[in-house]
Amino acid sequence: MAVVLYQAKAEFFRMLGHPVRIRVLELLQAGPTPVRDLLAELEVEPSRLSQQLAVLRRSGIVTATREGSTVVYALAGGDVAELLRAARRILTGLIADQHVLLAELRAAAD
């Protein structure tokens with residue numbers, strides 16, 4: 001049973017493993033956003049954005065609603081935003097550690 005859980009978690013992280021998807025999720029933290037605004041912000045081809053939004057929609061991590069001729073996307077829940085904030089904190093710590101290591105290496109070379 002645990003193997004299935006780990007496989008599901010791995011699939012979840014693989015789903016997040018695309019730069020366009022991560023950027024879309026970050027943009028959606030500000031609230032529901034029309035596709036045209038996502039396109040303007042991301043500067044990717046509409047077909048490429050459509051593919052990435054479809055992956056996020058199928059996973060249930062975002063929702064899509066139609067307002068007239070406009071499709072608006074939103075995060076399905078606040079947990080995704082918290083996950084992105086946690087990732088930012090982790091990366092900030094890793095980068096800070098790398099800068100400390102780099103400084104130590106440079107000092108040792110002198």
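Residues numbered from 1 in each chain as written. Predicted model: local features only at pLDDT ≥ 70, side-chain atom pairs only at ≥ 80, totals over all residues. Heavy atoms only, no water.

*Asks:* Now, about the overall build of the chain: what can you tell me, with residues and values included?
*Replies:* For the chain, the count of helices and strands is five helices and three strands. The secondary structure elements of the chain, listed N-terminal to C-terminal, are α-α-β-α-α-β-β-α. On C-alpha atoms alone, the chain measures out to a radius of gyration of 18 Å, which is more than a quarter above the 13 Å that the 2.2 N^0.38 rule sets for 110 residues. Seen through its C-alpha atoms, the chain measures out along the principal axes to roughly 65 × 45 × 25 Å. For the chain, the residues scored as buried account for 29% of the 110 residues in total. By sequence separation, contacts in the chain at least 24 residues apart represent 53% of the contacts at least 6 residues apart. Approximately 7,600 Å² of the chain is accessible, and the part contributed by carbon and sulfur atoms is 59%. Computed over 13 positive and 12 negative side-chain charges, the separation of the two mean positions in the chain equals 7 Å. (Helix = DSSP H or I, 4+ residues; strand = E, 2+ residues; numbered from the N terminus. Rg over C-alpha atoms; globule rule 2.2 N^0.38 Å. Buried < 20%, exposed > 50% of the residue type's maximum accessible area, 1.4 Å probe, protein only. Contact = heavy atoms within 4.5 Å. Areas by Shrake-Rupley, 256 points an atom, 1.4 Å probe, with all protein chains shown as cover. Lys, Arg positive; Asp, Glu negative; His and termini not counted. Charge placed at Lys NZ, Arg CZ, Asp CG, Glu CD.)

*Asks:* So what's going on with the packing of helix α2 (residues 19-28) against helix α4 (residues 46-59)? Which residues, and what values?
*Replies:* Where α2 contacts α4, the two axes come as close as 10 Å, and the packing angle between them is 70°. In terms of their interaxial angle, α2 and α4 are classed as roughly perpendicular. Within the contact between the two elements, α2 uses Val 20, Arg 21, Val 24 and Leu 25 and α4 uses Arg 48, Leu 49, Gln 52, Leu 53, Val 55 and Leu 56. (Axes fitted to C-alpha atoms, helices over the stretch in contact; angles between N-to-C directions. Parallel < 35°, antiparallel > 145°, perpendicular 65-115°, else oblique.)

*Asks:* Pulling in residues and values, what's your account of the pattern of salt bridges?
*Replies:* This structure, assessed with the given rule, holds seven salt bridges. Among the ionic pairs, Arg 89 bridges to Glu 82, the shortest N-O distance being 3.3 Å. Overall, Arg 89 belongs to the exposed group, its relative accessible area being 53%. Judged by its relative accessible area of 36%, Glu 82 falls in the partly exposed class. (Salt bridge = Lys/Arg side-chain N within 4 Å of Asp/Glu carboxyl O.)

*Asks:* Which residues make up α2, and what are the values?
*Replies:* Listed in full, the buried residues belonging to α2 are Val 20, Arg 21, Val 24, Leu 25, Leu 27 and Leu 28. All buried residues of α2 project into a common sector of 160° when viewed along the axis, lining one side. (Arc of directions from axis to C-beta.)

*Asks:* Quick one: what's the story with the side chain of Arg 21, residue by residue and with numbers?
*Replies:* Position of Arg 21 relative to the elements: it lies in helix α2. Of the side chains with opposite charge, Glu 11 lies nearest to the buried Arg 21, which makes no salt bridge, at 8.9 Å. A polar contact of 2.5 Å, which involves the side chain of Arg 21, links it to the backbone oxygen of Met 15. In this view, Arg 21 contacts Arg 14, Met 15, Leu 16, Gln 52, Val 55 and Leu 56; residues no more than four positions away in its chain are not counted. (Polar contact = N/O pair within 3.5 Å; in protein donor to acceptor, adjacent residues only side chain to side chain.)

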